[in-house]
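These are the residues of each chain, in order.
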Amino acid sequence: MSSATPTPTRVRRLPVVGPLRLGRPSDVWFKPALSVVAAVAVPSLLLMTLGRLDLAPYTMAGSLCALYAHNRPYAARAKVLAWVILGMLGGLAVALVSASLTRNAVVLVTVGALLAAAQKAVCDATRVGPPAHVILTFVSSATLFVPQTLGQVPGHLALAAAAGAWAWLVGMAPAPLRPHGPERRATAQALNAAAAYAETARGGEEGAGGARSAAYAAVHAAWQTLLAVRDRPSTTRRALERLVVRAEVALAAPADADPARLRAWARAVRGTGRIPRTGDPRGEDEGLRLNGADAGVDGADARPDGANPRRTDSGARLGGAAPRLDGVDPRVDGTGPCLDGAEPRRTAGGGSRRDGDLRLDGADARVDGTAPRLDGVDPRLDGTGPRLDGVGPRRADGGARLDGSNPCLGGADARGDGADARPEGANPRRTDSGARLDGAGSRRAHGGARLGGDGTRRDDDRLRERDELVGVAAERAVAPPPLWSRLGPLAPVAVRSALGCALAGYVSLALGADRPYWALVTAASLYQANITLTWSRAVQRVVGNLVGVLLFAAVTPVAQLGPLALVLCILACNFGAEALIGRNYWLGSVCVTPLALLVTELPGYQPTGELVTGRVVDTLVGALVGFVAALAVTNRRAGRRVERALTAVDRAREHAARLAADPMSTPAALEAARRGLAAAVVDLRATADAAAGEWWQRALPQERVVLAEQAAHRTLAATVRRQGLLPDPGTTSTYTHTEGASP
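Residues numbered from 1 in each chain as written. Predicted model: local features only at pLDDT ≥ 70, side-chain atom pairs only at ≥ 80, totals over all residues. Heavy atoms only, no water.

A. The arrangement of the overall build of the chain in detail. Summing up its helical and strand segments, the chain has 22 helices and three strands in all. The buried share among the 743 residues of the chain stands at 51%. Of all intrachain contacts in the chain linking residues separated by at least 6 positions in sequence, the fraction that spans at least 24 positions is 68%. A total accessible area of about 32,300 Å² is found for the chain, and carbon and sulfur atoms account for 61% of it. (Helix = DSSP H or I, 4+ residues; strand = E, 2+ residues; numbered from the N terminus. Buried < 20%, exposed > 50% of the residue type's maximum accessible area, 1.4 Å probe, protein only. Contact = heavy atoms within 4.5 Å. Areas by Shrake-Rupley, 256 points an atom, 1.4 Å probe, with all protein chains shown as cover.)

What follows is the structure, encoded as structure tokens:
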């Protein structure tokens, strides 16, 4: 079959058990759970104290905004929360005014359906994140069926706005304690996902394709988080960006990746500790360790795997009893012999020496000058011992001849200015501060970065580290596409939402329901990227609501003990919903259902049997009618979007391959091309997955998608090798192939 031949699309079997499987809980599941509890508790308890708990539904509308933007950096979270609160107030205002002007249920259902479609489209276009449009639709739809007068609207809006402002403060509260918490979590997830893919690909296990897609998605999500604040770069964020670059490199060449190191970096990133700095594989002689030594952002050596312990501020190695890979005894006390006859140690006050400190003839001496040379010559460095060549005394402060003319211990010429100038640079002298002097007269700090004569980092090192981030800087400088251009592809989903919500509400009214907005909200919560995912959400919604009404029946006797008991039950349901929904939507719905039913009892207690019956009927009606509407409104644009995504990947791959083959390509161009190709691959996979779940459309070119992904991955591997982010093939691994990378 030709690669251009499209494979036929068949109607997929709709799963029932699969959508109910539980996933792993989120790493920070407690953050949104605690946030919403804090945001709801204060206004509700205040109203209870004032005896106006009937106004709590309006304050809860603002409090629920605390659920949003927990994956955003705090600077971006502040803006997103503000827009969410404004959007909630806008929908609430339309609902309140509509409820004030008419009591016609059909008109109110129509208004609710149109609001639901608009909220769905805007939330998807702006990628606001969970819980997306569902909370906004619930607030506006429920308010439509609460009797209002125009004179009450400003006061109710003021209550919602005040609660929204409190929710904003709750959402921003962790910023002083963990200013880069969201960026750290996203980076750690990307590193762990890359490590999982590297292990799967290296072992030839099944599911490598799924692990690769998940890893690319995690890396893409990390970049979205890091780039969410485009105008506020920082040292911490740049260090995190370098780690995400290493995750991208691992995806491009999994056989050369070290999963243990990636996971160690991920562990180090979490919390508030130092962010590890990645070793640069492009030059061992430029001051960056190739064996995984990882210098922290403050310059302290911090190997994540523990093989090369940190240095203390004085320069001594921690855990000095560990053997060196080159056979050198690294004990700080200076009592242990070196296996190769060289003595590379220094006292604790000066720190251990690196390989550059070893005399090639095996006749190196300890820095304290007390140990005899193996050849019987006293090598003391304090200036009191005899010169090896018997010529003249040495300087007492550093070993250099006072006249600066005669050679030093190994033939190195030490000038009177203290700058070591050995012609071969084999035995660089250390300065009094413990930093080594290399053959070029520049000092090395203990973190491994080369320092200039004034102790500053050399320009070429700064440029080398910046090479990895030039693509990031280029992407940060590009403004996001306008909102209207992102709304166009969402037209089928918006039409589905409007039609499904309206029909669900009308059917519920025809069945005599008192609260048709329950069916409307159920239908609105179903619509996902394609029909298959919509069906899965329908199964989850129905199962969760049916179990939830049983929980409500069990909790009602406790909630009706008094206002305080009712508020506490509402807070418990809020916490449970956010704590469980990350594992599966149906599990969170088990707590969402009693929460929605308890809110209806804030103005006054309702008969439990009627609430349970109405909720079950409206759930079944909303799920059935909503899914039928999804079948009726097809998304025939999905196939065309796959073709456009394939074209974008082909163009990005050819561009990257040309640059990789051009010896004159600049680091900025290579990095930008690699980033562009990686983003195109992520978009292709997301577009293909979304289109594969649609029905009633032309056949999709699945084989072309697979071949395009494979070619793109080979080109990515070739590009990272061209950038020097990986060793050349054959030097460390023979498993990563980059053939076929040329355009």
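B. Seen up close, the environment of Arg-127. Secondary-structure assignment places Arg-127 in the loop between helix H4 (105-126) and helix H5 (133-144). Setting aside anything within four residues of it in sequence, one finds Arg-127 in contact with Arg-72 and Gln-224.

C. Representation of the nonpolar core within the structure. With 68 residues, the main nonpolar core has Tyr-68, Met-88, Leu-598 and Leu-602 as its most contacted residues. Per-element tally for this core: the top contributor is helix H3 (residues 74-101), with nine residues. Ignoring anything within four residues of it in the chain, the contact list for Leu-602 reads Leu-53, Asp-54, Ala-56, Pro-57, Met-60, Leu-566 and Ile-570. Formed by 56 residues, the second largest nonpolar core is a distinct cluster that contains Ala-190, Val-244, Ala-638 and Ala-691. (Core = buried A, V, L, I, M, F, W, Y, C linked by side-chain atoms within 4.5 Å.)

D. Layout of a nonpolar patch on the surface. A contiguous nonpolar surface patch, about 300 Å² in accessible area, is contributed by Val-106, Leu-499, Leu-503 and Tyr-506. Sorting elements by how many residues they give to the nonpolar patch places helix H14 (residues 491-510) first, with three residues. In this fold, Leu-503 is placed in helix H14. With relative accessibility at 35%, the residue Leu-503 sits in the partly exposed group. (Patch = residues over 30% accessible without salt bridge, like charges linked within 9 Å, V, L, I, M, F, W, Y side chains within 5 Å. Salt bridge = Lys/Arg side-chain N within 4 Å of Asp/Glu carboxyl O.)

E. The pattern of salt bridges, seen in detail. Counted according to the given criterion, the structure contains seven salt bridges. Taking the shortest distance from any N to any O, the salt bridge between Asp-124 and Lys-120 comes out at 3.1 Å. Placement of the pair is Asp-124 and Lys-120 together in helix H4, with a separation of four residues, close to one helical turn. In this structure Asp-124 comes out as partly exposed when scored by relative accessible area, which is 27%. Ionic pairing is found between Glu-248 and Arg-674, a salt bridge with its closest N-O pair at 2.9 Å. Here Glu-248, found in helix H9 (residues 235-252), pairs with Arg-674, found in helix H21 (residues 667-692); they are 426 residues apart in sequence, far enough to count as distant. Classification of Glu-248 as buried rests on a relative accessible area of 9%. Residue classification places Arg-674 among the buried positions, given a relative accessible area of 2%.

F. Representation of unusual backbone geometry in the model. Residues Pro-130 and Pro-131 are joined by a peptide bond in cis, for which omega reads 0°. Among the secondary structure elements, Pro-131 is positioned in the loop between H4 and H5. Even without a glycine there, the phi angle at Arg-127 is positive, about 55°. Assessed through its relative accessible area of 59%, Arg-127 is described here as exposed. The backbone of Ala-132 sits at a positive phi, close to 55°, despite the residue not being glycine. Residue position: Ala-132 is located in the loop between H4 and H5.

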